[in-house]
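Remarks on the overall topology
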Amino acid sequence: MQTNTSTTIPTESIQPDFLPLEGTDYVEFYVGNAKQAAHFYKTAFGFESWAYAGPETGMKDRVSYAIRQNKLTFVLTTPLYAGNEIADHISKHGDGVKVLALKVQDATKAWEETTNRGGISYMEPTTLKDDNGEVVLSGIHTYGDTVHIFVERKNYNGFFMPGYREWKSNYNPSSTGLLYVDHCVGNVGWNQMNPWVKFYEEVMGFRNILSFDDNDISTEYSALMSKVMSNGNGYVKFPINEPAEGKKKSQVEEYLDFYKGEGVQHVAIATNDIVSTVTELQNRGIEFLTIPPVYYETVLERVGKIDEDLAPLQKLGILIDRDEEGYLLQIFSKPLEDRPTLFFEIIQRKGAKSFGKGNFKALFEALEREQDARGNL
Ligand code: FE2
């Protein structure tokens, strides 16, 4: 009897990863008032002050605050003058994500490999130096006005990057247990999902690891389609959504209307203890989508045994899903801006590598209640 079922892949079929990524380096938001946004993210989400850039550090047209929590870095940037690229971005989109920055060993090679494959350059390889070493940046455009910046920081040990100085504050709220970016989801226009899937495959060497069509993701009213793109080592995952026809307006279409185009829909952040993280976030004023009690009446029949008690999950509105490898716990915030655009997901993975397909119906019905309250359904 043969017991060894492993197969050997011929070496010539293993393609070397032309764009090795070490994870998300930072997420940069263009916002109307970075000073207040930084205070909000510190207070509500438990980030710590890290670095500051502005006129005092030689940055004449903008101010940026880098804040961090474990492996998660956010940069909040605001323009000091009208009429520049940042001001135009905010005028059009409202506050939102401009940069999904990816950590690499070689930012010059990352730019060469991606632009040679059809990526549109946003920033040619640029070396920034100060007394703490050097950082090399380069970048390409992705959907909408969003960009990817490749960050090579192996020769730097200062505060965030050259151009910044340490930001010390008297106000240092405690962490809420947020760890790192699990995935970032983009909303793209009608019939644009497959072209962007092709972009991530061809330009960045990603693979399509999961697909959801409108049969998976539709309720009575709203519908969307989604494909999950992952880089070679799985550290970076970018699901891409496009609207689908339903009885009423798709949630993706509402986003596109208010963001005035394609952009980042949500950033999913990992925690090791979702009950304590979400309890803390709710106590600090973050609002989440509410889930009807009926969801919890049958959820354990669907997902089987879990380590957690159901009562605190139900109290907080945390959703549960299972795949072949384990289960996951997740919850979605309401939009963090006045426009119904960007929101956050908090996720705790207990083996599962998927994205909560079993929760889509309950989740979208909750989203539609919010959309209906805004008069956009
Ligand atoms: Fe997600």
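These numbers were taken from a predicted model, which means no experiment stands behind them.

For the rest of this paragraph, the subject is the overall build of the protein. A count of helical and extended segments in the protein gives nine helices and 17 strands. Scaling as 2.2 N^0.38, a compact globule of 377 residues should have a C-alpha radius of gyration of about 21 Å, and the protein matches this with 21 Å. Seen through its principal axes, the protein has C-alpha atoms that stretch 60 × 55 × 40 Å. Put simply, the protein has 377 residues, and 52% of those count as buried.

A few words on empty space enclosed by the protein. What the rule picks out here adds up to two cavities of 30 Å³ or more. When its volume is computed, the largest cavity comes out at roughly 260 Å³. Contributing to the lining of the largest cavity are 24 residues, with Asn 241, Gln 265, His 266, Phe 360 and Phe 364 lying nearest its centre. For the lining of the largest cavity, the secondary structure elements donating two or more residues are strand E10 (178-187), strand E12 (224-230), strand E13 (237-243), strand E14 (263-271), strand E16 (326-332), strand E17 (343-350) and helix H9 (360-373).

A word on the domain arrangement of the protein. By a frequent convention, interface size equals the accessible area lost on bringing the separate parts together. Partitioning the protein into structural domains gives domain 1 (24-166) and domain 2 (177-374). Each of domain 1 and domain 2 was reduced to a C-alpha centroid, and the two centroids are 25 Å apart. Contact with domain 1, which involves 40 residues of that partner, is made by 34 residues of domain 2. Both faces considered, domain 1 and domain 2 share a buried interface measuring about 2900 Å² in area, 68% of it formed by carbon and sulfur atoms. Three residues stand out in domain 1 for area buried against domain 2, namely Phe 45, His 93 and Tyr 143, and they jointly supply 24% of the buried area on that side. At the surface where domain 1 touches domain 2, the tally comes to zero salt bridges. Across the domain 1-domain 2 interface, the total number found is 13 residue pairs in polar contact (both at pLDDT 80 or more). Where the side of domain 1 that touches domain 2 is concerned, the elements lending two or more residues are strand E1 (24-30), helix H1 (34-45), strand E4 (72-79), helix H2 (85-93), strand E5 (96-103), strand E7 (133-141) and strand E8 (147-152). It is H1 that provides the largest number of residues to the side of domain 1 that touches domain 2, a total of six residues.

Before going further, it helps to spend a moment on the nonpolar core. Ranked by internal contacts, the top residues of the largest apolar core, which has 88 residues, are Phe 29, Phe 74 and Met 204. Counting the residues that make up this core, at least three belong to each of domain 1 (24-166) and domain 2 (177-374). Those residues within four positions of Met 204 in sequence are excluded, and the remaining contacts are Phe 18, Leu 19, Leu 102, Thr 114, Ile 140, His 148, Phe 150 and Phe 199. If you look at the next biggest cluster of nonpolar residues, it comprises 17 residues, including Tyr 26, Val 147, Ile 149 and Tyr 156.

Let us now look at the coordination of the iron ion. Protein-derived ligands of the iron ion are His 183 (NE2), His 266 (NE2) and Glu 345 (OE), with the metal-ligand distances lying across 2.0 to 2.2 Å. Counting the intervening residues between successive donors of the iron ion yields the motif H-x82-H-x78-E. In this pair, His 266 is assigned in strand E14 and Glu 345 in strand E17, connecting sequence segments 79 residues apart. There is no split in this pair, since His 266 and Glu 345 are both buried.

What counts and how
Residues numbered from 1 in each chain as written. Predicted model: local features only at pLDDT ≥ 70, side-chain atom pairs only at ≥ 80, totals over all residues. Heavy atoms only, no water. Helix = DSSP H or I, 4+ residues; strand = E, 2+ residues; numbered from the N terminus. Rg over C-alpha atoms; globule rule 2.2 N^0.38 Å. Buried < 20%, exposed > 50% of the residue type's maximum accessible area, 1.4 Å probe, protein only. 1 Å grid on protein atoms, 1.4 Å probe; cavity = no way out; pocket = protein on both sides within 12 Å on 5 of 7 lines; lining within 4 Å. Points joined across faces, edges and corners; volume = space filled by probe spheres on them. Domains from an automatic or database assignment. Contact = heavy atoms within 4.5 Å. Buried area = accessible area lost by both parts, 1.4 Å probe. Salt bridge = Lys/Arg side-chain N within 4 Å of Asp/Glu carboxyl O. Polar contact = N/O pair within 3.5 Å; in protein donor to acceptor, adjacent residues only side chain to side chain. Core = buried A, V, L, I, M, F, W, Y, C linked by side-chain atoms within 4.5 Å. Donors = N, O, S within 2.8 Å, 3.2 Å for Na, K, Ca; no water.

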